[in-house]
Amino acid sequence: MNTETIAAIATALTNSGIGIIRLSGPEAFEIIDKIYVSPSGNKKLKESRSHQVHYGYIKDGGRIIDEVMVLVMRAPNTYTREDTVEIDCHGGAFIVQEILKTVLKYGARAAEPGEFTKRAFLNGRIDLSQAEAVMDFINAKNQYAMEASFCQLKGSVSNQIRKLREDILYQIAFIESALDDPEHISLEGYQDQLEEMVEKLLEQLDNILKQSENGRILTEGIKTVILGKPNAGKSSLLNLLAGEERAIVTAVPGTTRDILKEHIMLGGLSLHIVDTAGIRDTDDIVEKIGVQKAKESALNADFILYVVDSSIPLDKNDTEIIEFIKDKKAVVLLNKTDLIPVIKEEKIRSLTEKQVIPISAKNAEGIDILENAVKELFISGELAYNNEICITNIRQKQEIKEAYQSMLMLKKSLKDGMPEDFYTIDLMDAYTSLGHVIGESVEDDLINEIFEKFCMGK
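Residues numbered from 1 in each chain as written. Predicted model: local features only at pLDDT ≥ 70, side-chain atom pairs only at ≥ 80, totals over all residues. Heavy atoms only, no water.

A. Looking closely at the overall build of the protein chain. Within the protein chain, the secondary structure is distributed over 15 helices and 13 strands. Relative to its 458 residues, the protein chain shows a buried fraction of 49%. Sequence separation of at least 24 residues holds for 69% of the intrachain contacts in the protein chain that already meet a minimum separation of 6. Carbon together with sulfur atoms contributes 51% to the accessible area of the protein chain, which is approximately 22,400 Å² in total. (Helix = DSSP H or I, 4+ residues; strand = E, 2+ residues; numbered from the N terminus. Buried < 20%, exposed > 50% of the residue type's maximum accessible area, 1.4 Å probe, protein only. Contact = heavy atoms within 4.5 Å. Areas by Shrake-Rupley, 256 points an atom, 1.4 Å probe, with all protein chains shown as cover.)

So this is what it looks like as structure tokens:
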């Protein structure tokens, strides 16, 4: 693959101020010299120093296509560790495509999705976890997802996984050496040392798996469900958070019968909000279906906003909701503070054991307090964001789970007093699974599948 020079448009294919066409491969300089002409007409970019920018024109034969700036970068100090050229041209979609057509005409091949990053991986510049972090970084929808991806891109995951693999490999080598040369290497008392090491590894892997749930929330967003009785102000809250009239609001209880979905940003976090039908006993078939959907949505939620109408007393419907959210991450919003309250904050707090925030969805009051509460809960509180290592990828999480299970099997073998050669089987399984996280010993099909998800030109 590395004998070919690839090219692609690296910017969005729409009219913009600047467009970039990227080339990478052994013929990159030869190709650019066929289509680039300097103002003096005698400059050859192949002879220029690395990491220099050159002003000139892109031409096809005698036809000038555009006025450009060309960046020349020599291997191995490039993103792909190959000779690389980037053409900065005017950002008209037609112009950018014309230059790409010209580049391909003079010897380059059109790059596949993610092929530049794939070459960076295959040429050893980054490992597979860092390559996947590139995609997560590009697709980040909030500040925290961006920071988590950037930490992984810098090697936070790679470094810890490599350290774990080194520890495991040492144990494998020691056992194998002792079995091959028992006269000089004794395994006496070794089981106690290995048990201590296994407990330590299990703890580290468990911590990484716990942080992976944080990574999912940061990258995918918080699945949030608004619960409450009919006419508590759930739809008004959704409209307020969304900044537009997404839900119909009337004084008639039970207006919302189906679920409504909206994606919003709150405190720098992505929330996938679902507004649901009011929870109450009803004989209305359609409304009953809506209530059932509300409960199903809440079961799978990361976070629940329980909206309480502070102007009317609590009833059995509230009791049902309170019981439902006891084991869920939730905040109670004591709504309609613009009216005369009949429910005290202290009472609802004691019943729910959740944070209670007085709000008025009608007057847009209390949302700043809600924003801080969400940030505290999901960033610095129970789901603390750890910027040292944060697994954001399902594939990586599954491989770490496999390693964890292998270490559990080893722990059982130690407890059952199995022979030492059994230990190396589980150790090697854990070593291999962790290797898959960073791309060691992965199959070509998996590599191709991962990079096919990338955008063109990256």
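B. Region of interest: the environment of E196. Inspection of the secondary structure assignment puts E196 in helix α7 (residues 190–220). In the structure, E196 is positioned 215 residues away from K411 in sequence and 9.9 Å away in space, judged by C-alpha atoms.

C. Highlighting the packing of helix α3 (residues 115–122) against helix α15 (residues 444–451). Viewed as axis vectors pointing N to C, α3 and α15 meet at an angle of 140 degrees, and their least axial separation amounts to 9 Å. Taken together, the axes of α3 and α15 are oblique relative to one another. Of the two possible hands of crossing, α3 and α15 adopt the one that is right-handed. Contacts from T117, K118 and F121 of α3 reach α15 at I447, N448 and F451. Across the contact of α3 with α15, the residue classes break down as three nonpolar, two polar and one charged. (Axes fitted to C-alpha atoms, helices over the stretch in contact; angles between N-to-C directions. Parallel < 35°, antiparallel > 145°, perpendicular 65-115°, else oblique. Left-handed = near helix turned anticlockwise from the far one by under 90°. Nonpolar A, V, L, I, M, F, W, Y, C, P; charged D, E, K, R; others polar.)

D. The arrangement of the nonpolar core in detail. Ranked by size, the top nonpolar core spans 31 residues in total, and within it I168, L194, I400 and M407 carry the most contacts. Those elements that provide at least two residues to this core are α6 (156–180), α7, α13 (394–415) and α14 (420–438). The dominant element in this core, judged by the number of residues it contributes, is α7, at nine residues. Contact partners of L194, with chain neighbours within four places excluded, come to Q171, I175, L410, L414 and Y423. (Core = buried A, V, L, I, M, F, W, Y, C linked by side-chain atoms within 4.5 Å.)

E. Representation of the sheet that holds strand β1 (residues 6–9) in the model. In spatial order, the strands read β3-β4-β5-β6-β2-β1-β7; together these seven strands make up an open sheet with mixed pairing. At either margin of the open sheet sits one strand with a lone partner, and together these are β3 (36–37) and β7 (109–110). Note: strand β2 (residues 16–24) against strand β6 (residues 84–91), eight bridges, orientation antiparallel. Looking across to β6, one finds that S24 is bridged to T84. (Pairing = 2+ DSSP bridges.)

F. Highlighting the packing of aromatic side chains. Following the criterion strictly, the structure yields three aromatic pairs and no others. Just above the ring of F116 sits the side chain of R22; from NZ or CZ to the centre is 5.3 Å. Over the aromatic face of Y431 sits the side chain of R165, whose NZ or CZ is 3.8 Å from the ring centroid. (Phe/Tyr/Trp six-rings, centres within 6.5 Å; stacked < 30°, edge-to-face > 60°. Lys NZ or Arg CZ within 6 Å of the ring centre and 35° of its normal.)

G. Region of the structure containing the environment of V198. Its location among the elements puts V198 in helix α7. In this structure V198 touches M407, L410, K411 and L414, once residues within four positions along its chain are discounted.

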